[in-house]
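# Structural description and commentary
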Amino acid sequence: MKTMQTNVVTPDGSVFSGQVEMVSAKTQAGDLGILPDHIPLVTPLAIGAIRIKLNNKVELIAVSGGIMEVRGDEVNILAESAEVPTSIDVARARAAKERAERRLEQAKKDNLDFNRAELALKRAINRLEVSQNKI
Amino acid sequence: MASLKDIKTRIGSTKKTKQITKAMEMVSAAKLNKAQGKAEAFQPYIEKIREVVVSIASGSDGVSHPMLEARDEIKKTAYIVITADKGLCGAYNSGLLRETLKLINKRHSSPDEYGIIVMGKVGRDFFKKRNMPIFQEIIGVADQPEYSDIKNIASTTVQMFEDGLFDEVYVHFNHFISAMSFQVTETKLLPLTDFDEVVESGEAKEAAPKSDYIYEPDAETILNQLLPHYAETLIFGALLDGKASEFGARMSAMRSATDNADNMIGELTLKYNRARQAAITQEINEIVSGASAQN
């Protein structure tokens, strides 16, 4: 099967680089699957998991927003943070989730930092789900 | 003249100091290595973002964005100053702070015209002592910082610019040249006017074949998201650069301290041997004269 070069880069360095058969990402408008020879495309990503398919195996990478650039034979994912399941700190994500939930409770009352807490909660849930291969 | 014992004590303490400076030199060398690796890992990311922004900005529909436009009236300027948390690194902090202070004094007549965002303890104490307006500060940044460590301060700064609190943002940091040298550098962070030059010059034409992108949902939305993020990432890049210079500076400062200690130990040892020789000669003299007095 035809493959394409895929790079996942963050400010802290490259997280994934290699030939893949298919990339599926969660964009702000919904899920988007990319196969080789896709037309050039730039789109923002939502907080979610990227699925990378190669030899019938699927690898997950948790990203916290970013940009995906597709150029025929190459897919570049520029993410603020990206983690493969093994590098996710589950305890930390769980703590972040609880903290965000508490903040959301408070924020409902005085309507402060609601968005921020919501994003933090989304990131934490995303990390937990990816680490458990749930998606 | 110092007694034998005094000289010996001094040699001992200089040796101990040398051990410490030598260890610090080696630690800094290791950290410098890591910091350089980190800065290299960061490069592809910023270049990719730049490429996408340039291709959008040079697109035929002439997209514009408030962050790309220079403002007509500059009421308030922000300076992001990146210093270290501790000294012992030669002119790393002092050189940078002196330049910054000079520039600010030249450009502004009152503290209402500028604001300072400072990273590092040395810089914070410096500006605090002079009662200069510090808007944000962050101290205790890790030696090998992660993007998430400074995300908050970076995005707040960009937000301040978007809200119109600042009309211009500059970054002051020590640019890494080699392990032995660095240069005090000022770069204009916001507005991102340097894209205009890129777009007007040939560089954009080179990128043009790649610019037939489909923008999903549209170019403007992507710019809205990408530009603030680009600015934040640039701050992180300056921090990484500054960190590499810091370790380079500390390494060479500690190396010269070690060399000085070596020289000093040499001199003191010579002095010690002379004093010892003098004492022995004197003792022989006394014995000889004592013996001859008895005959």
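The model shown is predicted, which means the values in this text are computed figures rather than measured ones. (Residues numbered from 1 in each chain as written. Chains lettered and ligands numbered in written order. Predicted model: local features only at pLDDT ≥ 70, side-chain atom pairs only at ≥ 80, totals over all residues. Heavy atoms only, no water.)

A word on unusual backbone geometry. The omega torsion across L190 of chain B and P191 of chain B is -10 degrees, close enough to zero to call that bond cis. Its location among the elements puts P191 of chain B in the loop between strand 5 (182-190) and helix 5 (194-200). The phi torsion at N55 of chain A lies on the positive side, around 50 degrees, for a residue other than glycine. Structurally, N55 of chain A is set in the loop between strand 5 (38-54) and strand 6 (57-72). (Helix = DSSP H or I, 4+ residues; strand = E, 2+ residues; numbered from the N terminus.)

Residues and elements named next belong to chain B. What the five strands build is an open sheet, ordered 3-2-1-4-5; its pairing is mixed. Strand pairing shows two members of the sheet lacking a second neighbour, strand 3 (134-138) and strand 5, which therefore form its edges. Ignoring which end each strand starts from, the neighbouring axes of this sheet average 20 degrees apart. With five bridges connecting them, strand 1 (residues 77-82) and strand 4 (residues 168-176) associate as parallel partners. (Pairing = 2+ DSSP bridges. Axes fitted to C-alpha atoms, helices over the stretch in contact; angles between N-to-C directions.)

Once that is clear, we can look at the UniProt feature "domain: ATP synthase F1 complex delta/epsilon subunit N-terminal" (unreviewed entry) in chain A. Feature annotation in UniProt places "domain: ATP synthase F1 complex delta/epsilon subunit N-terminal" (unreviewed entry) on residues 4-82 of chain A, given in this structure's numbering. Secondary structure content for residues 4-82 of chain A is 0% helix and 84% strand, and the end C-alpha separation is 20 Å. (UniProt positions renumbered as here; feature names shortened; annotations may be inferred.)

This brings us to the packing of helix 2 (residues 92-107) of chain B against helix 3 (residues 121-129) of chain B. The axes of two packed helices give the description: the angle between them and the distance between them. Residue and element names in this part refer to chain B. It is at 11 Å that the axes of helix 2 and helix 3 come closest, and there the two elements cross at 40 degrees. Considered as vectors, helix 2 and helix 3 are oriented oblique to each other. Helix 2 and helix 3 meet at a crossing whose hand is right-handed. The residues of helix 3 that touch helix 2, namely those facing N93, L97, T100 and L101, are V122, G123, F126 and F127. (Parallel < 35°, antiparallel > 145°, perpendicular 65-115°, else oblique. Left-handed = near helix turned anticlockwise from the far one by under 90°. Contact = heavy atoms within 4.5 Å.)

In terms of domain boundaries, chain B breaks down into domain 1 (4-20 + 256-293) and domain 2 (26-194 + 210-252). Taking only C-alpha atoms into account, the centre of domain 1 of chain B sits 53 Å from that of domain 2 of chain B. (Domains from an automatic or database assignment.)

Let us now look at the packing of aromatic side chains. Residues and elements named next belong to chain B. One pass over the full model with this rule turns up six aromatic pairs over all chains. Judged by centre distance (5.5 Å) and plane angle (75 degrees), the rings of F42 and F236 are edge-to-face. Taken together, the residues span a long stretch of sequence, with F42 in helix 1 (residues 4-57) and F236 in helix 7 (residues 219-294) at a distance of 194 residues. For the pair F42 and F236, one class covers both residues: buried. Taken together through their ring pairs, the aromatic side chains of F42, Y147 and F236 make up a single cluster. (Phe/Tyr/Trp six-rings, centres within 6.5 Å; stacked < 30°, edge-to-face > 60°. Buried < 20%, exposed > 50% of the residue type's maximum accessible area, 1.4 Å probe, protein only.)

Moving on, we come to empty space enclosed by the protein. Residues and elements named next belong to chain B. The tally for this structure, following the rule as stated, stands at one cavity of 30 Å³ or more. The volume enclosed by the largest cavity comes to roughly 60 Å³. Along the wall of the largest cavity there are 15 residues; nearest its centre are T83, A84, V141, L239 and K243. A total of four residues in the lining of the largest cavity trace back to one element, the largest contributor, which is helix 7. (1 Å grid on protein atoms, 1.4 Å probe; cavity = no way out; pocket = protein on both sides within 12 Å on 5 of 7 lines; lining within 4 Å. Points joined across faces, edges and corners; volume = space filled by probe spheres on them.)

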